[in-house]
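# Reading the structure
Single-letter residue listing:
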Amino acid sequence: THVSIGKDEQKNDNFWSYTYAVIDALPNHNGYLGHKLRKEIFGKEAWTMTVWKNEESLNNFVRGDKHSGAMQNGLDAVVNGRFVRFSIERSK
């Protein structure tokens, strides 16, 4: 995920509050393997990546209460967002 957030600091603070709540909840989700968050220190852009055991685990997370609530309540800070999904077959 890549997001650009706006200039409204209150909306941005709300966005980050929900973002960190989702990150804190990640280990509680079945199929979660890892994540990374990168954001500009003084900028308005951020990137996230999560790694999941399978597509079903990812979909359950995305549709779950924590992530859905964050999207619903933090989205008004987002000016632009892009989402990419890809799969890599695990080597044997």
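Residues numbered from 1 in each chain as written. Predicted model: local features only at pLDDT ≥ 70, side-chain atom pairs only at ≥ 80, totals over all residues. Heavy atoms only, no water.

## Observations concerning the overall build of the protein chain
Across its full length, the protein chain holds three helices and four strands. The principal-axis extents of the C-alpha atoms in the protein chain amount to approximately 45 × 25 × 20 Å. Taken over 92 residues, the protein chain has a buried fraction of 30%. Pairs at least 24 apart in sequence give 58% of the contacts found in the protein chain among residues at least 6 apart. (Helix = DSSP H or I, 4+ residues; strand = E, 2+ residues; numbered from the N terminus. Buried < 20%, exposed > 50% of the residue type's maximum accessible area, 1.4 Å probe, protein only. Contact = heavy atoms within 4.5 Å.)

## Section: the sheet that holds strand β4 (residues 78-82)
Sheets are built from strands paired through backbone hydrogen bonds, the pairs being either parallel or antiparallel. Pairing is antiparallel in the open sheet, where four strands are placed in the order β2-β3-β1-β4. Strands at the two margins of the open sheet, each flanked by one partner only, are β2 (32-39) and β4. For this sheet, the mean angle separating the axes of adjacent strands, direction not counted, is 15°. (Pairing = 2+ DSSP bridges. Axes fitted to C-alpha atoms, helices over the stretch in contact; angles between N-to-C directions.)

## Structural notes on helix α1 (residues 9-25)
Residue pairs spaced three or four apart in an α-helix point in one direction, given the helix's 3.6 residues per turn. Compared with the 24 Å implied by 1.5 Å per residue over 17 residues, the 24 Å span of α1 between its first and last C-alpha is a close match. Taken residue by residue, α1 has N12, F15, W16, T19, V22, I23 and A25 as its buried positions. The secondary structure elements touched by the buried residues of α1 are β1 (2-5), β2, β3 (45-52), α2 (55-63), α3 (65-74) and β4. (Expected span 1.5 Å × (residues − 1).)

## Some remarks on the pattern of salt bridges
Working definition: two side chains of opposite charge can pair if their charged atoms are close together. Within the structure shown, the criterion is met by two salt bridges. Notably, a salt bridge pairs K44 with E9, separated by 2.7 Å at the nearest N-O pair. Remark: E9 occurs in helix α1 and K44 occurs in the loop between β2 and β3; sequence separation between them is 35 residues. Across the salt bridge formed by R85 and E55, the nearest N and O atoms sit 2.5 Å from each other. Within this pair, whereas R85 is found in the segment after β4, its partner E55 is found in helix α2, the two being separated by 30 residues in sequence. For R85, a relative accessible area of 47% puts it in the partly exposed group. (Salt bridge = Lys/Arg side-chain N within 4 Å of Asp/Glu carboxyl O.)

## Examining the nonpolar core
Membership of the largest hydrophobic core is limited to seven residues, which are V22, L26, Y32, W52, L58, F61 and A70. Discounting chain neighbours no more than four positions away, the residues touching L58 are T50, W52 and R85. (Core = buried A, V, L, I, M, F, W, Y, C linked by side-chain atoms within 4.5 Å.)

## Overview of α2
Looking at α2, one finds that the buried residues are S57, L58, N59 and F61. The secondary structure elements touched by the buried residues of α2 are α1, β3 and α3. The distance from a side-chain oxygen at the start of α2 to the backbone nitrogen of E56 is 3.3 Å, and the residue carrying that oxygen is N54. (Polar contact = N/O pair within 3.5 Å; in protein donor to acceptor, adjacent residues only side chain to side chain.)

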